[in-house]
Every structure is written in structure tokens, then in C-alpha cells.
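Okay, here's what each chain looks like letter by letter:
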Amino acid sequence: MVSIRENVLRVREAIQKAAQGVGRKPDEIRLVAASKTVDVDRIRAAIEAGITIFGENYVQEARKKIEAIEKPVLWHFIGHLQSNKAKYAVKLFEMVQSVDSIGLAEELNRRAERVDRKIKVLVEVNLSGESSKWGVTEEGSVSLICRINELENLRFRGLMTMPPYFDDPEESRPYFVRLWKLGKRVVDEKIHPGPLELSMGMSNDFLVAIQEGATLVRVGTAIFGARPSTDTADGYPDGFERS
Ligand SMILES: *Cc1c(COP(=O)(O)O)cnc(C)c1O
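Rules used in this analysis
- Residues numbered from 1 in each chain as written.
- Predicted model: local features only at pLDDT ≥ 70, side-chain atom pairs only at ≥ 80, totals over all residues.
- Heavy atoms only, no water.
- Helix = DSSP H or I, 4+ residues; strand = E, 2+ residues; numbered from the N terminus.
- Rg over C-alpha atoms; globule rule 2.2 N^0.38 Å.
- Buried < 20%, exposed > 50% of the residue type's maximum accessible area, 1.4 Å probe, protein only.
- Contact = heavy atoms within 4.5 Å.
- Areas by Shrake-Rupley, 256 points an atom, 1.4 Å probe, with all protein chains shown as cover.
- Core = buried A, V, L, I, M, F, W, Y, C linked by side-chain atoms within 4.5 Å.
- Pairing = 2+ DSSP bridges.
- Right-handed = clockwise from strand over helix to strand, strands pointing away.
- Near = heavy atom within 4 Å.
- Polar contact = N/O pair within 3.5 Å; in protein donor to acceptor, adjacent residues only side chain to side chain.
- Nonpolar A, V, L, I, M, F, W, Y, C, P; charged D, E, K, R; others polar.
- Phe/Tyr/Trp six-rings, centres within 6.5 Å; stacked < 30°, edge-to-face > 60°.
- Lys NZ or Arg CZ within 6 Å of the ring centre and 35° of its normal.
- Expected span 1.5 Å × (residues − 1).
- Salt bridge = Lys/Arg side-chain N within 4 Å of Asp/Glu carboxyl O.

Chemist: Which parts of the structure should I look at to understand the overall build of the protein chain?
Modeler: Within the protein chain, the secondary structure is distributed over nine helices and eight strands. In terms of overall size, the protein chain behaves like a compact globule, its C-alpha atoms giving a radius of gyration of 17 Å where 243 residues would be expected to give roughly 18 Å. Looking at the protein chain as a whole, 51% of its 243 residues are labelled buried. At a minimum sequence separation of 6, the contacts of the protein chain that also span at least 24 residues come to 59%. When the accessible surface of the protein chain is split by element, carbon and sulfur atoms take 50% of a total near 11,300 Å².

Chemist: Would you mind going over the nonpolar core with me for this structure?
Modeler: The tendency in soluble globular proteins is for nonpolar side chains to be buried side by side. In terms of nonpolar packing, the biggest core is built from 68 residues, with Phe54, Leu108, Val123, Ile148, Leu159, Val217 and Ile223 touching the most fellow members. No other element matches the six residues that helix α1 (residues 4-21) contributes to this core. Once residues within four sequence positions are removed from consideration, Ile148 is found in contact with Val99, Ala105, Val121, Val123, Leu154 and Phe156. Grouped together as the second largest cluster of nonpolar side chains are six residues, Val32, Ile53, Met95 and Leu122 included.

Chemist: Teacher, can you tell me more about the pairing of strand β5 (residues 119-125) here?
Modeler: A regular strand places its side chains on the two faces of the sheet in alternate fashion. Most of β5 is tucked away: six of the seven residues are buried. Sheet topology note: the strand β4 (residues 95-99)/β5 ladder contains three bridges and is parallel. Across the sheet, the residue bridging to Met95 is Lys120, located in β5. Pairing of β5 with strand β6 (residues 154-161) involves seven bridges; the strand directions are parallel. Opposite Glu124, over in β6, you have Met160 as the bridge partner. Since β5 and β6 lie parallel, the crossover through helix α6 (residues 138-150) that links them has a hand, and here it is right-handed.

Chemist: Would you mind going over the site of the ligand with me for this structure?
Modeler: The environment of the ligand is made up of 13 residues, and the closest members are Lys36, Asn57, Ser203, Thr221 and Arg227. Between the ligand and Thr221, the relevant distance is 2.5 Å, taken from an oxygen atom to a side-chain nitrogen or oxygen of the residue. Burial of the ligand by the protein amounts to 97% of the accessible area it has alone, namely 390 Å². When its residues are assigned to classes, the shell around the ligand shows six nonpolar, four polar and three charged.

Chemist: Looking at this structure, I do not really get unusual backbone geometry. What am I missing?
Modeler: Leaving glycine aside, a negative phi is the common case for residues, and trans is the common case for peptide bonds. Residue Pro195 is reached from Gly194 by a cis peptide bond, and omega for that bond is -5°. Within the secondary structure, Pro195 is located in the loop between α7 (173-188) and β7 (197-199). Phi at Thr37 takes a positive value of approximately 70°, unusual for a residue other than glycine. Checked against the element boundaries, Thr37 lands in the loop between β1 (30-34) and α2 (40-48). A positive phi angle, close to 55°, is found at Asp116, a residue other than glycine. By the element assignment, Asp116 lies in the loop between α5 (102-114) and β5.

Chemist: What is the right way to read the packing of aromatic side chains from this model?
Modeler: The description of two aromatic rings rests on the distance between their centres and on the angle between their planes. Within the structure shown, the criterion is met by three aromatic pairs. Note on Phe77 and Phe93: the rings are 5.2 Å apart at their centroids and 65° apart in plane angle, and the pair reads as edge-to-face. Taken as a pair, Phe77 in strand β3 (residues 74-77) and Phe93 in the loop between α4 (86-92) and β4 lie far apart in primary sequence, 16 residues in all. Each of the two residues, Phe77 as well as Phe93, counts as buried. In this arrangement the basic side chain of Arg63 is found over the ring face of Tyr88, its NZ or CZ atom lying 4.7 Å from the centre.

Chemist: Before we go on, may I ask you to explain α5 in this structure?
Modeler: Because an α-helix completes one turn every 3.6 residues, residues spaced three or four positions apart along the sequence face the same direction. Across its 13 residues, α5 extends 19 Å between first and last C-alpha, which sits within 8% of the 18 Å expected from 1.5 Å per residue. Those residues of α5 that fall on the buried side of the exposure criterion are Leu104, Ala105, Glu107, Leu108, Asn109 and Ala112. Looking at the buried side of α5, the elements it contacts are α4, β4, β5, α6 and β6. Once α5 ends, the next one or two residues include Asp116, with phi positive near 55°.

Chemist: Looking at this structure, how should I read the pattern of salt bridges?
Modeler: Working definition: two side chains of opposite charge can pair if their charged atoms are close together. Within this structure, the stated rule accounts for 20 salt bridges. Residues Glu106 and Arg147 are paired through a salt bridge, measuring 2.8 Å at the closest nitrogen-oxygen approach. Of this pair, Glu106 sits in helix α5 while Arg147 sits in helix α6, and the two are 41 residues apart along the sequence. Residue Glu106 is classed as partly exposed on the basis of its relative accessible area of 27%. In this structure, Glu212 engages Arg173 in a salt bridge whose closest nitrogen and oxygen atoms are separated by 2.7 Å. Of this pair, Glu212 sits in the loop between α8 (206-211) and β8 (216-219) while Arg173 sits in helix α7, placing them 39 residues apart in sequence.

See below:
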């Protein structure tokens, strides 16, 4: 039985160290607990340990948990969102980190308008070109951001990426650098005034991501322990590749 409290403390300490090591303020980095497959009791334990943002991958699963958790925490959607789930997503999530098409952005906007909400969004960028990963190309991201900027009920906040899985987190570094550069370009070219959120880094590579400018890190395993495993092509334990 893992101690969620100890894990959260350890992750927070690691975030602090990584930030200070590169001269960043630790409070520039927000910890998102990736809670797919994690039950309500363990989510409550994480809240007790000070977690305030949870990232969920599946709308149905998230809905049950969000309804059961009465505490005022924030929920981010971090999985692949199908347009036909947008109507639920706008009611449940403060932010959708994984907007990856103009069609999805438009549907989210339409649904957000109906419930009179503004939804913060990140654009998910697929930097590796892996077909198992969702996300737009770097070029595609620019036109997607421009479209989001026109949509009244969406608020563009930044970029998200998920590199291929590497045992050695150093191999993720070039992807994080590229996301940072893309963010800089978005601001330099006045596509958005910034500052932008950069959501990058997971349990095995969040230290490197923080060194390269992450403002949101999505950490699951290092907080909740290993998820129940099923075999998937990219080596992630749980349908993580979101096909
Ligand atoms: C599951 C998940 C995470 C967390 O992964 P860990 O390796 O368990 O920290 C982060 N981001 C996304 C999009 C995920 O689906």
C-alpha cells in the first residue's frame, strides 16, 4: 500500500529542487495529479495531502468521481476528447489540456456557450509524429490557436505535449525544448500575448520538463503508484496511448 501523502510530499520536494536548480520559483509550477483508474478514496487522500488539481482521461470515469468529491478542487481533462463528449466535458472541467482539432474546439465552444461557461484550453502538440499519439503538428498548432482565439467561450492558455516513453528522461528533453520554443514563437509572433502554460512532464521525466519551462506537470504513478496493467503498444500500462 503506497502512502499517497508521502508520495505527494516527495514529488513536491522534487519539483522545488528542480525549479530552484534552474532559478525558477517553485510556485510557477502547478502539480496536476493524473488520476485515471484511481478511486474516490485515493483521490480524497490526495486532496488531504494538498493536491488541488486532478487530470482525468475519460469523461465517464471522471464524471462519477467529480460528482462524488464534494471538495473544491479543479479538474483538467488530459485524455483524448471525442467531440460527442464535449457537452459533458464543458460541465465537468475547468480546463481541457488536449484540444487537438478545429472541429473539437468549435464543438467545445458551442457546448460551453450553451451552459454559459468559459473553458480554458491547451493545444496538444504531437512533436514525435508517432501515430499512436494524439495532437496537432507544430504548424497545425498555429492555425488551431488562431481559431480558438476567435471562439468566445474558449480561453487559449498554452500548449501540452507527451513525448514518446523513454526509460531515460534525458531523451524527453529535446521534446520539451521544442514545446518551449513553439510557445515562444506563439508569443513572439503575437498569436497570443502570453504568458503561456506549458503542460509537459510525467512521473518519469517531470524534473527535466521543469528545467525546460513546464508550468503544469501531470504526475500519476509517482503519486498513486502503478496502475492496473493491460498490454498496450507503447508500453504504457493502461490504455494510456488513448487509441
Ligand atoms: C496517465 C497520464 C499521465 C501521468 O503518467 P504517469 O507516468 O503515471 O505519471 C500524464 N499525462 C497524461 C496525458 C496521462 O494520460
